[in-house]
Amino acid sequence: MREWMKQAGSLASSVKKRYITIPMLILLVGGGCFLAVRLNMLPYRKLPFILTHTIGKSFTKSEGSDGQFSGWQAASGALASTLGAGNIVGTAMAIAFGGPGSVFWLWIAGLAACAVKYTEVTTAMLYREIDQKGNWVGGPQYYLGNATGWKWTGELYTILCLFALFFAASAQIGSGVDHLVALGANRTLSALILTLFCIAVVVGGMRNLLAVSEKIVPFMSILYVGGALLVILLNIENFPHAFYSIFRYAFTGKAAVGGFAGATLAACIRWGICRGVYSNDAGTGYTTMVHTVAAVNHPVQQGMWGVFEAFFDTLVVCNLTCFAILCTGIWTSPGVTASTMTAAAFSSAIGTAGSWIVSIALLLFTFTTACAQIEFS
């Protein structure tokens, strides 16, 4: 029976990889490229303008008029959902199983995601509605049916999203608990405390979620980004070689050492794109639910926050994780696994403080993501 179950699991994994995962990655990245062309490369041509008018002005006005939510508050809620374990552990998996070249394909996925995020956020803002309490509501459950005329598409999305986000939130809590257990904490107690904290946040609704995310997201982002930059600066002499290795192995693959499987070109592309797509949730549409509560004058204003969300999540946070790992050379060390690779890279450069930075960031990343996903479901 055990052998049969093992074979069945292997078959299911093979079917998922061939008939679901790869086609979805092609659709998402290909769709992003299509949208980028239709937008006349707007997310890239106007990136300095977008950054200046989003994060550049985020601290000058933290709250919308008449108690409504500002664009920054809505974006912080979206970032709370997208900044998760994938930015720390998932990105390390791309290098572990795909080699340095996978980072190049992560960039491609991140750039495509900018166009996807801009489009889906702008569309969600265009088709949002006002509920009976006078609050803005929106998301794919609204714009899928209203934009196409097929009402059943929005209803189907709602049902699928309910189950998907429940399991996704459980996975995030599980990642946080696993990390606490690795530090010596009790599994049951850790799971109970994290779950109760999540309930305490979401029970207050969207306003409570955004109040929490507005404070935690900047702190955890600055903590992790600052730590990663310090690791890179302390190993700056290795940066040129790390940068070169990304392009050198992007189209050939690289056999990883330190106990990892050899990285073929197919694995390099698949793992890079997979991590790039998964990290920012472009194409899923569920983060647009929080974007639509923003009190802005035009849909494009919040669409720019969508570009910033994908840019910061993938091309900043994931990128810094990659370079921290590559510059320290920790990915070539025997005995280092994908789940411990980022922490090992930080520790090799700044000692115990590095482990604490990764631990705190991972815990906060998974906590805020779980809270947001529970709220959206």
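Attention in this report is confined to the structure presented alongside it. Please read all numbers here as calculations on a predicted model, not as lab measurements. (Residues numbered from 1 in each chain as written. Predicted model: local features only at pLDDT ≥ 70, side-chain atom pairs only at ≥ 80, totals over all residues. Heavy atoms only, no water.)

**Quick word on the overall build of the protein**
Now for step 1: If you tally the helices and strands in the protein, you get 16 helices and four strands.
Now for step 2: In the protein, which comprises 377 residues, the share counted as buried stands at 50%.
Now for step 3: For the protein, long-range pairs separated by at least 24 residues make up 79% of all intrachain contacts whose partners lie at least 6 apart in sequence. (Helix = DSSP H or I, 4+ residues; strand = E, 2+ residues; numbered from the N terminus. Buried < 20%, exposed > 50% of the residue type's maximum accessible area, 1.4 Å probe, protein only. Contact = heavy atoms within 4.5 Å.)

**Topic: unusual backbone geometry**
Now for step 1: The residue Asn40 is not glycine, and still its phi comes out positive at about 55°.
Now for step 2: Inspection of the secondary structure puts Asn40 in the loop between α1 (2-38) and α2 (42-45).
Now for step 3: Judged by relative accessible area, which is 51%, Asn40 ranks as exposed.
Now for step 4: A positive phi angle, near 60°, is found at Met41, a position not held by glycine.
Now for step 5: Along the chain, Met41 turns up in the loop between α1 and α2.
Now for step 6: Judged by relative accessible area, Met41 falls into the partly exposed class, the value being 36%.

**Some words on a nonpolar patch on the surface**
Now for step 1: On the surface, Leu189, Leu192, Ile193, Leu196, Phe197, Ile199 and Val203 cluster together into a nonpolar patch covering about 690 Å² of accessible area.
Now for step 2: On the secondary structure map, Leu189 appears in helix α9 (residues 187-202).
Now for step 3: For Leu189, a relative accessible area of 48% gives the class partly exposed. (Patch = residues over 30% accessible without salt bridge, like charges linked within 9 Å, V, L, I, M, F, W, Y side chains within 5 Å. Areas by Shrake-Rupley, 256 points an atom, 1.4 Å probe, with all protein chains shown as cover. Salt bridge = Lys/Arg side-chain N within 4 Å of Asp/Glu carboxyl O.)

**A few points about the pattern of salt bridges**
Now for step 1: Enumeration according to the criterion identifies three salt bridges in this entry.
Now for step 2: Glu309 serves as the salt-bridge partner of Lys117, at 2.8 Å between the closest nitrogen and oxygen. With Lys117 in helix α6 (residues 102-126) and Glu309 in helix α14 (residues 299-328), the pair connects residues that are 192 residues apart, well separated along the chain. Accessibility assignment for this pair places Lys117 and Glu309 in one class, buried.
Now for step 3: Residue Arg187 is joined to Asp178 by a salt bridge in which the shortest nitrogen-to-oxygen separation is 2.8 Å.
Now for step 4: For Arg187, a relative accessible area of 46% puts it in the partly exposed group.
Now for step 5: What you see here is one network of salt bridges that share partners, running through Lys117, Glu120 and Glu309.

**Quick look at the packing of helix α10 (residues 205-234) against helix α15 (residues 341-350)**
Now for step 1: Between α10 and α15, the shortest axis-to-axis distance is 9 Å and the interhelical angle comes to 60°. Relative to α15, α10 is oriented oblique. Considering only the axes of α10 and α15, their crossing is left-handed. Here α10 contributes Tyr224, Gly227, Ala228, Leu230, Val231 and Leu234 to the contact with α15, which in turn contributes Thr342, Ala345, Phe346, Ala349 and Ile350. (Axes fitted to C-alpha atoms, helices over the stretch in contact; angles between N-to-C directions. Parallel < 35°, antiparallel > 145°, perpendicular 65-115°, else oblique. Left-handed = near helix turned anticlockwise from the far one by under 90°.)

**Quick look at the side chain of Thr342**
Now for step 1: Position of Thr342 among the secondary structure elements: in helix α15.
Now for step 2: If we ignore the near neighbours within four places in the chain, the residues touching Thr342 are Ile88, Ala92, Tyr224, Thr321, Ile325 and Val358.

**Some words on α10**
Now for step 1: Here α10 spans 43 Å end to end across 30 residues, near enough to the 44 Å set by a 1.5 Å rise per residue.
Now for step 2: Along its length, α10 shows its largest kink, about 30°, at Ser213. (Expected span 1.5 Å × (residues − 1). Bend = angle between axes of the 7 residues up to and from the residue.)

**Side note on the packing of aromatic side chains**
Now for step 1: One pass over the full model with this rule turns up 19 aromatic pairs.
Now for step 2: Between Tyr224 and Phe346, the ring centres sit 5.5 Å apart and the planes meet at 20°, which makes this aromatic pair stacked. Here Tyr224, found in helix α10, pairs with Phe346, found in helix α15; they are 122 residues apart in sequence, far enough to count as distant.
Now for step 3: A relative accessible area of 1% places Tyr224 in the buried class.
Now for step 4: Overall, Phe346 belongs to the buried group, its relative accessible area being 0%.
Now for step 5: Taken together, a centroid distance of 6.4 Å and an interplanar angle of 15° make the contact between Phe243 and Phe323 stacked. One end of the pair, Phe243, is in helix α11 (residues 239-248); the other, Phe323, is in helix α14, and 80 residues separate them in sequence.
Now for step 6: According to the relative accessible area criterion, Phe323 is buried, its value standing at 8%.
Now for step 7: Chaining the aromatic ring pairs together yields one cluster made of Phe104, Trp105, Trp107, Phe239, Phe243, Phe247, Phe251 and Phe323.
Now for step 8: Here the guanidinium or amino end of Arg128 rests over the ring plane of Trp136, the centre of that ring lying 3.8 Å away. (Phe/Tyr/Trp six-rings, centres within 6.5 Å; stacked < 30°, edge-to-face > 60°. Lys NZ or Arg CZ within 6 Å of the ring centre and 35° of its normal.)

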